[in-house]
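Per-entry structural report
Below, each chain spelled out in residue letters.
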Amino acid sequence: MFNNTLGMFFDGDMKLIIAMMLLLSGDGGDMLLLMALMYIML
């Protein structure tokens, strides 16, 4: 049920960007890169 609701709100590219953001934030990634990914999502 949870996967179906995510599929309705986010397409494949958005899911990939969100996964990249989660991985970068967990590894102490560059804040500028995280902000750039957030900008792409807009």
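Computed from a predicted structure; not experimentally measured.

This part is about helix H2 (residues 12–26). Its 15 residues place the ends of H2 21 Å apart at the C-alpha level, agreeing with the 21 Å of an ideal helix rising 1.5 Å per residue. Taken from the residues just after H2, Gly28 is the one with a positive phi, measuring 70°.

With that settled, consider the packing of H2 against helix H3 (residues 31–41). Where H2 meets H3, the axes come as close as 10 Å, and the angle between the chain directions of the two elements is 165°. Viewed along their axes, H2 and H3 adopt a mutual orientation that is roughly antiparallel. Where H2 crosses over H3, the handedness of that crossing is left-handed. Here H2 contributes Met14, Ile17, Ile18, Met20, Met21, Leu24 and Ser25 to the contact with H3, which in turn contributes Leu33, Leu34, Leu37, Met38, Ile40 and Met41. A class-by-class count of the residues in the contact of H2 with H3 yields 12 nonpolar, 1 polar and no charged.

So, on to the confidence of the model for the protein. Summing up the model confidence of the protein, the mean pLDDT is 78 and the portion of residues at 70 or higher is 74%. Within the protein, helix H1 (residues 2–9) has the poorest average pLDDT of any element, 61, and H3 the best, 87.

Mapped onto the secondary structure, Leu33 falls in helix H3. On the basis of relative accessible area, Leu33 is assigned to the partly exposed category, the value being 41%. For the pair Leu33 and Met21, spaced 12 residues apart in sequence, the C-alpha separation works out to 8.8 Å.

Reading guide: rules and limits
- Residues numbered from 1 in each chain as written.
- Predicted model: local features only at pLDDT ≥ 70, side-chain atom pairs only at ≥ 80, totals over all residues.
- Heavy atoms only, no water.
- Helix = DSSP H or I, 4+ residues; strand = E, 2+ residues; numbered from the N terminus.
- Expected span 1.5 Å × (residues − 1).
- Axes fitted to C-alpha atoms, helices over the stretch in contact; angles between N-to-C directions.
- Parallel < 35°, antiparallel > 145°, perpendicular 65-115°, else oblique.
- Left-handed = near helix turned anticlockwise from the far one by under 90°.
- Contact = heavy atoms within 4.5 Å.
- Nonpolar A, V, L, I, M, F, W, Y, C, P; charged D, E, K, R; others polar.
- pLDDT = per-residue confidence, 0-100.
- Buried < 20%, exposed > 50% of the residue type's maximum accessible area, 1.4 Å probe, protein only.

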